[in-house]
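What follows is the residue order along each chain.
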Amino acid sequence: MTSAAPYASTSLADLLPALRYADPHLLAARLEDVRLPLGWWHATPLMEIERVIGAEALSHQVAQALRSLWPHAELGDVIPVLRLLGTPGVEPGRTVAQVAREAGPGVVDGDRALASAFGSILDRLHQRGVPREESEGARVRDAVSVIARWLPADAPAEVREALAVLQGLEQDAEDGSSLVPVPVPESVEDEVGEQPQGVELPAPREAFENHDPAAEVEEPHVGDDAPTPPPAPGLMAEPLAALTRLVGGWDERALVIAGQRMFTDEPAKLQDLGERFSVSRERVRQLERAVADSLTQWMVADEDGRAFAGHLAAVAVRLGTVGQVAEVHALHPDHARTVEAMGVPLGDIVARLLPGGTLVGTWIVQGDAAALRAVMQEELLAACGDTPLAWDEAVALGLRYGVRGEVLADWAADIGRFQVRDGRLLYWGRSLNDRAAAVLALHGKPMSMEDIHEQLADGTAINSMRNQIWTDERFIRLDRNLYGLRAWGGEEYLGIREMIAREITNAGGEAEVNAIAEAISSRFDVSAASVRTNLGGPGFARTRRGWVRVADQAGEQDAPYVPRNDVASTRRCFVGADGRWWYRMEVTGDHLRGSGFPVPAGWAARIGGAPHREPVQLRHEVGETSLSWRAQPTLGSVKPLLEHVGATVGDQVFLNVTDGHLNALRLPAPPDGLSPETGAARLTGWTAAVNPAEAVEVIARRIGMEPGQDGAALLERLAERGDKDIAELLEQALSGAVPAF
């Protein structure tokens, strides 16, 4: 069996080495094609490029690049293989520009001549019109000559040693010996010792010297009721048998290196393998190169190997620019079976040998994986960043880069947190706000907070989500519990009191109570009774019977706001010896991500906040934030301040505002074995050890009670405030109960 494509892994850079050193921007301007992967000339097989754009188009692209980038270089120097093939026009001294000029007066004729020269290489690579009788030895000798001529002066020593070996073999060939290197048997090497001057191919084992290894290949039993499906068209019928025949001639070291280092997700260390075989790390590296060389030579010089190379090329064509290892396993019945000598599934070996492919996690990517990820992420974000992209449009975008629709959803999710929902591709961002915006964009209509939360389904607390949406300008509140995207437009619902103030302003500064109640209740999910109740509260003043105005005159609006519970009656608020009130917060991940958060009304009023008034601007050591009060008082992001004091998730931090300056104190983690009374006092900011009686005195003073309180009165006051955590610890201390840990 012979392969239709023995050189299936050859890329353009293999034939035109100057591509590897040219300016990437100049190359992109002349060789990029929307139908091809980015940087395809470096690693994508020419067989695949021909399949996409055709041999003629490929040859003309190369001709244009030659004429514009290397016009004064000899054509035979730029494409050395042309001299190997004896192509006309590559005689020494004939430059690219000369070959183009001699073809005719116009640019088209010049390009045609250069394209014809390159096309002859494609014909030879793919065996179009090439005689099968061509001498293999002559081709190898010519190749050795080209390598010797183009080898750089600063080439590594091992490369020069390898060339010397090839030249020696070439000389032997002139005396009638074979050009193919003969493997050194392991037994001979063991007698002589390590051979650092060269790298031999894996040595055959004696057990395989006198019989056909294919006869020992036993097909796995699949079961009578589960017939093995035939391989897909274009794939090799029995790739497992072919590879097994090859590795049957390898020694133990080659098999172990291949199975435990080359074709595994967790390669063994060179040091470990060296100790196992009593050789150096460098020797293991040499043996690994020898295994790779053996596979390469097999796929070029052996009939089985050429068929296997064609099989790899066919698999690569089916996968396109990106594919998954699991797909490789499913493409052929043999791929799911194990190469027994290595202990590795054939599919894993095929995935790592695909021409031009790079294994990135579970993905096989043709060409520059990082560049492909970056450009596709950018294009997908631009296409569906604001509005979800219809799936057929997403598939069309993916196909421009050779990404099949079957894997696009998984690939998009991997490169940039994209998701497919309801037949559309949307950006499922990193933050909760991004994901909430994606949900709204997907549905295209306002939703309740509960509905948005249900669609997120990521375990986020609804209160945390609500706080973040309230502080994000992308969202607009359209009713009491209805939210949309601000880009959609619509009348924003600001809360009952703000809506009343807006109605009064729109009416000229004074409006009738009944008219206000009817106007607001007809547009929003608010009862007329609620509107009338709010009209009787602070912020509005009666002008005459049944009419109101905003209380903005004679100091009415500037009157201090009196909350229902003052700061002394507010949970987690404690007074220091200097009379300043501190609010204790427990740091969460949301705080450290920069989210705003609600604070108690009693403490907010203490630092100057009031409902429906301008936000209170606050400074701190590393920046600014603000306290706003709509439905409830909310403190903006304090992430920089928390980072400044070294707070982490679970820490207790005390906040205080003095003259517009926000201060933060981090309570260190408590030591082990803390007593209940000391733990209770610690939650008020008192860090010294106390006995139960002292704890009662400290806590009472910290929550604003008069001195001389007994334990029962203090527990009752703590319950009224809602300080359940402090009350439980203090009750344990006063009762003498031992806390359970």
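K.L.:
Could you clarify how one ought to interpret the sheet that holds strand β7 (residues 418–421) in this entry?
P.N.:
Adjacent strands of a sheet pair through backbone hydrogen bonds, lying either parallel or antiparallel. The sheet built from three strands is open, its strands ordered β6-β8-β7 with antiparallel pairing. Across the chains shown, the open sheet's two edge strands, defined by having one partner strand only, are β6 (389–390) and β7. As paired strands, β6 and strand β8 (residues 424–427) are joined by two bridges and run antiparallel to one another. Considered in β8, the bridge of Leu389 is made with Leu425. Its contacts with the sheet put helix α20 (residues 369–384) on β6, β7 and β8, and the angle it makes with β8 is roughly 105°. Across the sheet, helix α23 (residues 432–443) lies against β7 and β8, angled at about 155° from β8, the strand it touches most.

K.L.:
For this particular structure, what's the right way to read the pairing of strand β15 (residues 581–586)?
P.N.:
Every regular strand shows the same layout, with side chains that alternate between the two sheet faces. Of all the six residues making up β15, five are buried; the element is thus mostly covered by neighbouring parts of the structure. Direction of pairing for strand β14 (residues 573–575) relative to β15: antiparallel, over a ladder of three bridges. Counted as the bridge partner of Phe574 is Trp582 from β15. Here β15 runs beside strand β20 (residues 652–658); their pairing, made up of four bridges, is antiparallel.

K.L.:
Sorry, what's going on with the packing of helix α33 (residues 692–702) against helix α34 (residues 711–721) here?
P.N.:
For any two helices packed against each other, one specifies the crossing angle of their axes together with the interaxial distance. Contact geometry of α33 with α34 gives a least axis separation of 10 Å together with a crossing angle of 40°. Between α33 and α34, the crossing angle belongs to the class labelled oblique. Where α33 crosses over α34, the two elements pack in a sense that is left-handed. Contacts from Val696, Ile699 and Ala700 in α33 reach Gly711, Leu714 and Leu718 in α34. Here the contact of α33 with α34 is built from residues that sort into five nonpolar, one polar and no charged.

K.L.:
Just to check I follow, could you spell out the pattern of salt bridges for this structure?
P.N.:
Between side chains of opposite charge, pairing is possible as soon as their charged atoms come close. Considering all chains together, one arrives at 24 salt bridges under this definition. Asp14 is the salt-bridge partner of Arg20, the closest N and O atoms lying 2.8 Å from each other. On the basis of relative accessible area, Arg20 is assigned to the partly exposed category, the value being 41%. Looking at Asp14, the relative accessible area reads 44%, which means it is partly exposed. We note a salt bridge from Arg701 to Glu697, for which the minimum N-O separation is 3.7 Å. With a gap of four residues between them, Arg701 and Glu697 both fall in helix α33, about one helical turn apart. Arg701 sits in the partly exposed class, given a relative accessible area of 43%.

K.L.:
Where do I start with the packing of aromatic side chains in this structure?
P.N.:
Think of a pair of aromatic rings as described by two things: how far the centres are apart, and how the planes are tilted against each other in angle. Taken as a whole and judged by the stated rule, the model has seven aromatic pairs. Taking 5.1 Å as the distance between ring centres and 75° as the angle between the ring planes, the aromatic pair formed by Trp363 and Trp411 counts as edge-to-face. Residue Trp363 is located in strand β5 (residues 363–366), and its partner Trp411 is located in helix α22 (residues 405–416); the two are separated by 48 residues in the primary sequence. Residue classification places Trp363 among the buried residues on the basis of a relative accessible area of 4%. According to the relative accessible area criterion, Trp411 is buried, its value standing at 1%. Sitting over the ring of Trp411, Arg373 keeps its end group 5.8 Å from the ring centre.

K.L.:
Explain the confidence of the model for the protein chain here, please?
P.N.:
As a general rule, the predicted coordinates of low-pLDDT regions are not to be interpreted in detail. Per-chain confidence: the protein chain averages 79 in pLDDT, with 80% of residues scoring 70 or above. pLDDT under 50 marks residues 1–6. Its contacts with residues more than four places away, or in other chains, come to 18 contacts. Here residues 130–136 scores under 50 on pLDDT; set against residues more than four positions off or in separate chains, the count is seven contacts.

K.L.:
Just checking my understanding: could you explain the sheet that holds strand β4 (residues 357–360) for this structure?
P.N.:
Taken together, three strands build an open sheet; the order of strands is β1-β5-β4 and the sheet is antiparallel. Both outer strands of the open sheet, β1 (322–324) and β4, are each paired with one neighbouring strand and no more. For this sheet, the mean angle separating the axes of adjacent strands, direction not counted, is 25°. Sitting on the sheet, α22 touches β1 and β5, and the angle it makes with β5 is about 90°.

K.L.:
Looking at this structure, I do not really get the nonpolar core. What am I missing?
P.N.:
Generally speaking, soluble globular proteins have nonpolar side chains that are buried together. Counting 45 residues, the largest nonpolar core has Leu243, Trp250, Phe263, Phe308 and Met342 as its most contacted members. Of all the elements in the fold, those that place two or more residues in this core are α13 (239–247), α14 (252–262), α15 (270–277), α16 (281–301), α17 (303–319), α18 (325–331) and α19 (346–353). When residues of this core are assigned to their parent elements, the largest contribution, seven residues, is made by α17. Once residues within four sequence positions are removed from consideration, Phe263 is found in contact with Ala258, Leu295, Met342, Val344, Asp348, Ile349, Arg352 and Leu353. Of all hydrophobic cores here, the second largest spans 35 residues; its members include Leu36, Trp41, Trp70 and Leu82.

Parameters at a glance
Residues numbered from 1 in each chain as written. Predicted model: local features only at pLDDT ≥ 70, side-chain atom pairs only at ≥ 80, totals over all residues. Heavy atoms only, no water. Pairing = 2+ DSSP bridges. Helix = DSSP H or I, 4+ residues; strand = E, 2+ residues; numbered from the N terminus. Contact = heavy atoms within 4.5 Å. Axes fitted to C-alpha atoms, helices over the stretch in contact; angles between N-to-C directions. Buried < 20%, exposed > 50% of the residue type's maximum accessible area, 1.4 Å probe, protein only. Parallel < 35°, antiparallel > 145°, perpendicular 65-115°, else oblique. Left-handed = near helix turned anticlockwise from the far one by under 90°. Nonpolar A, V, L, I, M, F, W, Y, C, P; charged D, E, K, R; others polar. Salt bridge = Lys/Arg side-chain N within 4 Å of Asp/Glu carboxyl O. Phe/Tyr/Trp six-rings, centres within 6.5 Å; stacked < 30°, edge-to-face > 60°. Lys NZ or Arg CZ within 6 Å of the ring centre and 35° of its normal. pLDDT = per-residue confidence, 0-100. Core = buried A, V, L, I, M, F, W, Y, C linked by side-chain atoms within 4.5 Å.

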